[in-house]
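Letter by letter, the chains look like this.
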Amino acid sequence: MSIRDDIQEFLTSRRARLTPEQVGLQSYGRRRVPGLRREEVAMLAQVSVEYYSRLERGNLTGVSESIFESLVQALRLNDVEERHLRDLVRASENTVRPRRPRASEQRVRPTVQRMLDAMTDLPAIVQNGRLDIIAANRMGRALYAAQFDTTVLPPNQARFIFLDPRGRDFAPDWDRAANECVATLRAAVGRDPHDRRLSDLVGELSTRSDEFRLRWAAHNVHQHKSGSKRIHLPAVGELNLDFEVLELTADPGLMLITFSAEPGSPSHDALQLLSSWAATQQNTGSAAAAAHNS
């Protein structure tokens, strides 16, 4: 699919989710398709129907900032959706496909890993826009032990949620987790449509998972900044964790994610139990390695 097709489907999907009542218009006559009509969006954006039709066909090249802002307002785009549309427009205007070095395994800098390892009480991971887990501290590896139990490296959150049977046990709110995974990948494609590994991942998931393919067609976008997450682990049971996402500005595309629980809560106690379990696993692994080398 071309970038112009992506723009067309994104704008069409945003128009389809709105009703006249939501934007202060009266609804007249029977509607063959859900959402606003093109002429209604054109009126809200204060452009002609012909001009809006051109925009919805994916031709936003040379659109002025004032018209772009009017379009954002007419379609009620949130900040993440506006950023995604800007990314798509920028990509459509760049007709020269950038040359990329041969793909190599992505790693964090030693200073970042030291920072991770210094967080002894909280799970922490480093993740990229493809939802690959690039690095983790001891607690992070314990929290995502099932994801790390794979022959396909690096571990990938979307691949785990959609293709691994353990994904539904790990994420009690599976529908929410699945929607957020797909919407995060959608936003990543807008930022870098020429990422070969990302397109390969989307192709694999689309081929192997009907659940993914259905959500991908919705064109929703999402960006993690902070929030809460329910996780179930066989070793400690269910945890309700708060997470914070920090962009590593010196490493574009990488994000540090930390997890915590309210002190005194059952989830806080479960994290302490997880820490003990992780230490046991580490000690067992060290003993096994020593016996193997002796």
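This text gives an overview of the structure that appears in the document.

Here is what the cut-offs are and how they apply
- Residues numbered from 1 in each chain as written.
- Predicted model: local features only at pLDDT ≥ 70, side-chain atom pairs only at ≥ 80, totals over all residues.
- Heavy atoms only, no water.
- Pairing = 2+ DSSP bridges.
- Helix = DSSP H or I, 4+ residues; strand = E, 2+ residues; numbered from the N terminus.
- Expected span 1.5 Å × (residues − 1).
- Buried < 20%, exposed > 50% of the residue type's maximum accessible area, 1.4 Å probe, protein only.
- Arc of directions from axis to C-beta.
- Contact = heavy atoms within 4.5 Å.
- Core = buried A, V, L, I, M, F, W, Y, C linked by side-chain atoms within 4.5 Å.
- Axes fitted to C-alpha atoms, helices over the stretch in contact; angles between N-to-C directions.
- Phe/Tyr/Trp six-rings, centres within 6.5 Å; stacked < 30°, edge-to-face > 60°.
- Lys NZ or Arg CZ within 6 Å of the ring centre and 35° of its normal.

Comments concerning the pairing of strand β3 (residues 226-233)
Inference 1: Where β3 lies against strand β4 (residues 237-247), eight bridges are found, and the strand directions are antiparallel. Following the sheet pairing, K229 is matched in β4 by L241.
Inference 2: Where β3 hands over to β4, the hairpin turn is made up of three residues, counted between the paired strands.

With respect to helix α12 (residues 196-208)
Inference 1: Taking 1.5 Å per residue as the helical rise, α12 with its 13 residues ought to reach 18 Å, and the 18 Å between its terminal C-alpha atoms agrees with that figure.
Inference 2: Along α12, the residues that are buried comprise L198, L201, V202, L205 and S206. Buried residues of α12, viewed axially, fall in a sector of 130°; they line one side. In α12, the exposed residues that point more than 90 degrees away from the buried face are R196, T207 and R208.
Inference 3: Those residues of α12 hidden inside the fold are in contact with α9 (157-163), α11 (174-191) and α13 (210-216).

Concerning the nonpolar core
Inference 1: Counting 44 residues, the largest nonpolar core has I161, F162 and L185 as its most contacted members.
Inference 2: In terms of residues, this core owes the most to one element, α11, which gives eight residues.
Inference 3: Contacts of I161, omitting those with residues within four sequence positions, involve G167, A171, W174, A177, A178 and C181.
Inference 4: Residues I7, L25, L60 and V63 belong to the second largest nonpolar core, which totals 26 residues.

Topic: the sheet that holds strand β1 (residues 124-128)
Inference 1: In spatial order, the strands read β2-β1-β5-β4-β3; together these five strands make up an open sheet with antiparallel pairing. Each having just a single partner strand, β2 (133-136) and β3 make up the two edges of the open sheet. Taking each pair of neighbouring strands and ignoring which way they run, the sheet shows an average axis angle of 30°.
Inference 2: Pairing analysis gives six bridges linking β4 to strand β5 (residues 254-260), with the strands arranged antiparallel. Residue pairing in the sheet places E244 in a bridge with T258 of β5.
Inference 3: Packed onto the sheet, helix α6 (residues 110-118) meets β1, β2 and β5 and runs at close to 55° relative to β2.

A short note on the packing of aromatic side chains
Inference 1: Per the stated rule, a full pass over the model turns up seven aromatic pairs.
Inference 2: Both rings, one in F162 and one in W174, keep their centres 5.7 Å apart while their planes meet at 75°; by these two values the pair is edge-to-face. Of this pair, F162 sits in helix α9 while W174 sits in helix α11, and the two are 12 residues apart along the sequence. The pair formed by F162 and W174 is uniform in burial state, with each residue classed as buried.
Inference 3: Here the aromatic residues Y144, F160, F170, F243 and F259 are joined through ring pairs into a cluster of three or more.
Inference 4: The ring centre of F148 lies 4.0 Å from the NZ or CZ of R141, which sits over that ring.
Inference 5: Stacked on the ring of W216, the Lys or Arg R186 has its end atom at 3.9 Å from the ring centre.

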